[in-house]
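# Per-entry structural report
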Amino acid sequence: MSNLETTSAEFACAAAPADGIEVLRPREVPLGGPRAIRVRRTLPQRERSLIGAWCFVDHYGPHDIGRDGGMDVPPHPHTGLQTATWLFHGRVEHRDSGGVHALVRPGELNLMTAGAGICHSEVSVDADTAPVLHGVQLWVALPDADRHTARAFHHFAPEPAALPGATALVFLGELAGHRSPVPSFTPLLGAQVDLDPRRELALEVDPAFEHGVLCDRGAVALAGAALGIGELGYQGPGRTELALANTGDSPARVLLLGGVPFGDELVLWWNFIGRSHDEIAQYRQLWQDGDDRFGAVRGYRGRLERLPAPPLPPVRLRPRRAGGG
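Model, not experiment: these values are computed from the prediction.

Rules used throughout
- Residues numbered from 1 in each chain as written.
- Predicted model: local features only at pLDDT ≥ 70, side-chain atom pairs only at ≥ 80, totals over all residues.
- Heavy atoms only, no water.
- 1 Å grid on protein atoms, 1.4 Å probe; cavity = no way out; pocket = protein on both sides within 12 Å on 5 of 7 lines; lining within 4 Å.
- Points joined across faces, edges and corners; volume = space filled by probe spheres on them.
- Helix = DSSP H or I, 4+ residues; strand = E, 2+ residues; numbered from the N terminus.
- Nonpolar A, V, L, I, M, F, W, Y, C, P; charged D, E, K, R; others polar.
- Buried < 20%, exposed > 50% of the residue type's maximum accessible area, 1.4 Å probe, protein only.
- Pairing = 2+ DSSP bridges.
- UniProt positions renumbered as here; feature names shortened; annotations may be inferred.
- Polar contact = N/O pair within 3.5 Å; in protein donor to acceptor, adjacent residues only side chain to side chain.
- Axes fitted to C-alpha atoms, helices over the stretch in contact; angles between N-to-C directions.
- Expected span 1.5 Å × (residues − 1).
- Contact = heavy atoms within 4.5 Å.

The next thing to look at is the layout of surface pockets. Left-over empty space is what a probe sized like a water molecule reveals as it rolls over the atoms. There is about 330 Å³ of room inside the largest pocket. If you trace the largest pocket, you find 23 residues lining it, with Gly 173, Glu 174, Leu 175, Arg 179 and Leu 189 closest to the centre. Elements that contribute at least two residues to the lining of the largest pocket include exactly β16 (174-175), β18 (188-195) and β19 (200-204). Tallied by class, the residues present in the lining of the largest pocket amount to 14 nonpolar, five polar and four charged. Along the walls of the second largest pocket sit 16 residues, with Pro 75, Ala 296, Val 297, Glu 305 and Arg 306 positioned nearest its centre.

Before going further, it helps to examine the pairing of strand β23 (residues 232-235). Covered by surrounding structure in β23 are Leu 232 and Tyr 234 together with Gly 233 and Gln 235, the residues of both alternating faces. The pairing of strand β2 (residues 21-24) with β23 spans four bridges and is antiparallel. Considered in β23, the bridge of Ile 21 is made with Gln 235. Across four bridges, strand β20 (residues 210-217) lies against β23 in antiparallel orientation. Note that in β23 the partner of Leu 214 across the bridge is Leu 232.

The subject of this paragraph is the UniProt feature "domain: Pirin N-terminal" (unreviewed entry) in the protein. Residues annotated by UniProt as "domain: Pirin N-terminal" (unreviewed entry) correspond here to residues 38-140. Strand forms 61% of residues 38-140 and helix 4%; the C-alpha atoms that close the span are 22 Å apart.

So, on to empty space enclosed by the protein. Evaluated as defined, the whole model comprises two cavities of 30 Å³ or more. As a volume, the second largest cavity reaches approximately 40 Å³. Forming the boundary of the second largest cavity are Thr 83, Thr 85, His 94, Val 104, Asn 110, Met 112, His 120, Glu 122 and Phe 153. Broken down by secondary-structure element, the contributors of at least two residues to the lining of the second largest cavity are β7 (81-89), β10 (109-113) and β11 (118-124). Grouping the amino acids of the lining of the second largest cavity by side-chain chemistry returns three nonpolar, five polar and one charged.

According to UniProt, the feature "binding site: Fe cation" (unreviewed entry) maps to His 76, His 78, His 120 and Glu 122 in the numbering used here. A stretch of 47 residues holds the annotated residues, and the largest C-alpha distance among them is 13.5 Å, short enough that they meet in one place. Cross-referencing the annotated residues with the second largest cavity identifies His 120 and Glu 122 as lining it. There is a polar contact of 3.4 Å between the side chain of His 78 and the side chain of His 76.

Moving on to the sheet that holds β20. The seven strands are arranged β2-β23-β20-β25-β18-β15-β14 in an open sheet whose pairing can be described as antiparallel. Each edge of the sheet is formed by a strand with only one pairing partner; in this case those strands are β2 and β14 (161-163). The sheet shows a mean angle of 25° between the axes of neighbouring strands, direction not considered. With eight bridges joining them, β18 and strand β25 (residues 252-259) adopt antiparallel strand pairing. Among the inter-strand pairings, Ala 191 is bridged to a residue of β25, identified as Leu 256.

Another point: the sheet that holds strand β9 (residues 101-104). Read from one edge to the other, the open sheet built from four strands follows the order β6-β11-β8-β9, with strand pairing classed as antiparallel. Looking at which strands have only one partner, the edges of the open sheet turn out to be β6 (72-78) and β9. The sheet shows a mean angle of 20° between the axes of neighbouring strands, taken without regard to direction. With five bridges joining them, β6 and β11 adopt antiparallel strand pairing. If you follow Val 73 over to β11, its bridge partner there is Glu 122.

The end-to-end C-alpha distance of helix α2 (residues 277-288) is 17 Å, a good match for the 16 Å that 12 residues give at a rise of 1.5 Å each. By the burial criterion, the buried members of α2 are His 277, Glu 279, Ile 280, Tyr 283, Arg 284, Leu 286 and Trp 287. As for α2, its buried residues are in contact with β6, β11, β26 (266-269) and β27 (272-274).

Here you go:
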């Protein structure tokens, strides 16, 4: 998924310690054209820009495609990251310059590695049979040693894992004895957890990891801290347990993200991740020039042939203090 903001802010990303539970509240941004759907963005923020290597979280829906309009994101570039798409409802057609043409379905991970450069498009489809669009788009930052790796694409449909009063779909890493076969460049965890009404769940977690819990539906608490829909609870490293609770009378659903604190300082601007202003400016110019670094998407039939990059801000992009954006 693209960051479609026309005045894209720069984020210099680094890990930071935290005591207790932080609750990150989302901001709404448009995604798409004149009938743009709205997405709730919780990462990056000025207060916290990374959870492990997870550096971007967009939560959207449920959207009635016929009423609200669907997703139509023209070909756009990425560098230095992976995109992870996870749907609760709907269908999204993915095309990328690595030659991949895939249908993204609920409960199935689609992980695209941009590496040195890629471009892709995303379009919601099957409005008659899948009229509701609802899901999460995530980015994973690549460490310095791997950020120029080759393009790649992984698909994985995890089997449900039964937990006390809950069910989990582990799509990256390991949780409660269930492991995803999808490789990652840094230690990561990604899982959907569905909680029965009025149930508590204590999950054993790696104390080297920091964790984020995104509330998708229901009345959810992380270690006693209430989370509203679209809010992201953060728990720092050093704990061996992650305590979830559904305090309501209806089922609840969360997305659990985790990873070891990311050691590299990053500059995230628009759809690029780099290490300096000059790198970002170079990526932007190469995209505008149609350079082969990003390749081309075949078969997209949408409103634009390719998405132009917004202008760079009038100041140099520079790192800020550790932990902030």
